[in-house]
Amino acid sequence: MLSIDPKTVSTAELHGFLLSAVAPRPIAFASTMDKDGNVNLSPFSFFNVYSSKPPVMIFSANRRVRDNSTKHTLENVLETKEVVVNIVNFAIVQQASLSSTEYPKEVNEFEKSGLTMLKSDTVKPFRVAESPVQFECKVNEVIALGDEGGAGNLIVCEVLKMHINEAVLGTDGKIDQHKIDLVSRMGGNWYCRANLGMFEVPKPLSSIGIGVDNIPSHIRYSKILTGNDLGILGNVDKLPTKEEINTYIEGSIKIREVLSTDDTEQIHKKAQEFIAQNDVLSAWKVLLAK
């Protein structure tokens, strides 16, 4: 048996063991706003519900292991004492992952991830319209667990109002666990889909992805491509050049046949096939060929 004294290993190594062993973990997709109105959206997997009366949930915005810096979410809740906790299901998992990219403070992750801002009733931060369940919360307390890289900051949230998409309700008026299709975090790049099992979502690039907001409109508003597809497409740091696209098209008879149909839906379906095969660059080349 491998026995580990936390004091004898690096924080990064210990972090990896902890997250791989304590799983699956639900995801708090936290929407916040700073005192100047700048919007932030970010997922956190140190999260759960801890009380029903009062209704209280807690998530932790840890200090970054690599440089001990703090996240915009933590800075915002300390300023405003408000947050919306949105629940992540499979339909938005790629977009939620994309939002974890470390964009500058003034960048709106709703726009980058292609998700919709929905006005809250009781707090200033926006809800994620695509999330199946949204909790408007006041922040009762923030408990710092340390001041070094990796230290948690427990954000104690009291639910003021809860919103549930009726599409996930069963005939009994309760949340149907199959319809809601929840996902959770495992170790590394792995996630778990509650009703099907584990799947992998590569972490956002260390470089900054272009974001869904920079995807051309004829692609972004496709009738074929899903929100998850767009989240994957938005996680590239640059688009292929015209020369790269032309070289690719010239080298594939099958792709030229698809493009010659001039059928947007067929072209987008072909791109979707490449996305499913984790060949995002080819997907982009097909989509930008016309």
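Please refer to the structure placed before this passage.
A. Fine view of the overall build of the protein chain. Along its length, the protein chain carries 11 helices and 12 strands. Against the 2.2 N^0.38 benchmark of 19 Å for 290 residues, the protein chain shows a C-alpha radius of gyration of 21 Å, consistent with a compact globule. Dimensions of the protein chain, computed from C-alpha atoms along their principal axes, come out at roughly 60 × 50 × 45 Å. Taken across its 290 residues, the protein chain has 45% of its residues classed as buried. Across the protein chain, every contact between residues at least 6 apart in sequence was considered, and the portion connecting residues at least 24 apart equals 62%. Summing over all exposed atoms, the protein chain offers an accessible surface of approximately 15,300 Å²; the carbon and sulfur share of this is 52%. A gap of 2 Å separates the mean positions of the 31 positive and 36 negative side-chain charges of the protein chain.

B. Focus on helix α8 (residues 242-250). Residues Ile245, Tyr248 and Ile249 constitute the buried set of α8. Projected down its long axis, α8 carries its buried residues within an arc of 95 degrees, all on one side. Looking at α8, the residues exposed on the side facing more than 90 degrees away from the buried face are Glu243, Thr247 and Glu250. Taken together, the buried residues of α8 touch α9 (253-260), α10 (264-276) and α11 (280-288).

C. Structural detail: the packing of aromatic side chains. Inspection of the entire model under this criterion finds one aromatic pair. When the ring of Phe44 is compared with that of Phe59, the centres are 5.2 Å apart and the planes differ by 40 degrees; the resulting orientation is tilted. With Phe44 in strand β2 (residues 39-44) and Phe59 in strand β4 (residues 55-60), this pair connects stretches of sequence that are 15 residues apart. Exposure remark for Phe44: the relative accessible area of 4% places this residue in the buried category. Note on Phe59: relative accessible area 0%, which makes it buried. A cation over an aromatic ring shows up here: Arg193 above the ring of Phe90, its NZ or CZ 3.7 Å from the ring centre. One cation-aromatic arrangement involves Lys270 over Phe274; the distance from NZ or CZ to the ring centre is 6.0 Å.

D. Here's a closer look at the sheet that holds strand β8 (residues 133-144). Strands sit in the order β2-β1-β5-β8-β9-β4-β3 across an open sheet of seven strands; the sheet is antiparallel. Either end of the sheet is taken by a strand with one partner, and the two such strands are β2 and β3 (47-52). If you compare each strand with its neighbour and ignore which way they point, the axes differ by 30 degrees on average. Contacts between helix α2 (residues 72-80) and the sheet are confined to β1 (28-33), β2, β4, β5 (82-87), β8 and β9 (153-164), with β1 contributing the most and set at about 55 degrees to the helix.

E. Examining the sheet that holds strand β12 (residues 197-200) more closely. Read across the sheet, three strands follow the order β10-β11-β12 without closing on themselves; strand pairing throughout is antiparallel. Each edge of the open sheet carries a strand with a single partner, namely β10 (183-185) and β12. The mean inter-strand angle of the sheet, taken between neighbouring strand axes irrespective of direction, is 35 degrees.

F. Molecular detail of the pairing of β12. As paired strands, strand β11 (residues 190-193) and β12 are joined by four bridges and run antiparallel to one another. Bridging from a neighbouring strand, Arg193 pairs with Gly197 of β12.

G. Structural context of the pattern of salt bridges. Applying the stated criterion across every chain, the model contains 12 salt bridges. The shortest N-O distance in the salt bridge between Arg66 and Asp67 comes to 3.9 Å. Arg66 gets classed as exposed once you look at its relative accessible area, which sits at 58%. As a salt-bridge pair, Arg127 and Glu136 come within 3.7 Å of each other at their nearest N and O atoms. As far as burial versus exposure is concerned, Arg127 and Glu136 are alike and both buried. Through salt bridges with shared partners, a single ionic network connects Arg64, Arg66, Asp67 and Glu102.

H. Spatial organisation of the environment of Leu281. Position of Leu281 relative to the elements: it lies in helix α11. As for Leu281 and Leu239, which are separated by 42 residues in sequence, their C-alpha atoms are 8.2 Å apart.

Here is what the cut-offs are and how they apply
Residues numbered from 1 in each chain as written. Predicted model: local features only at pLDDT ≥ 70, side-chain atom pairs only at ≥ 80, totals over all residues. Heavy atoms only, no water. Helix = DSSP H or I, 4+ residues; strand = E, 2+ residues; numbered from the N terminus. Rg over C-alpha atoms; globule rule 2.2 N^0.38 Å. Buried < 20%, exposed > 50% of the residue type's maximum accessible area, 1.4 Å probe, protein only. Contact = heavy atoms within 4.5 Å. Areas by Shrake-Rupley, 256 points an atom, 1.4 Å probe, with all protein chains shown as cover. Lys, Arg positive; Asp, Glu negative; His and termini not counted. Charge placed at Lys NZ, Arg CZ, Asp CG, Glu CD. Arc of directions from axis to C-beta. Phe/Tyr/Trp six-rings, centres within 6.5 Å; stacked < 30°, edge-to-face > 60°. Lys NZ or Arg CZ within 6 Å of the ring centre and 35° of its normal. Pairing = 2+ DSSP bridges. Axes fitted to C-alpha atoms, helices over the stretch in contact; angles between N-to-C directions. Salt bridge = Lys/Arg side-chain N within 4 Å of Asp/Glu carboxyl O.

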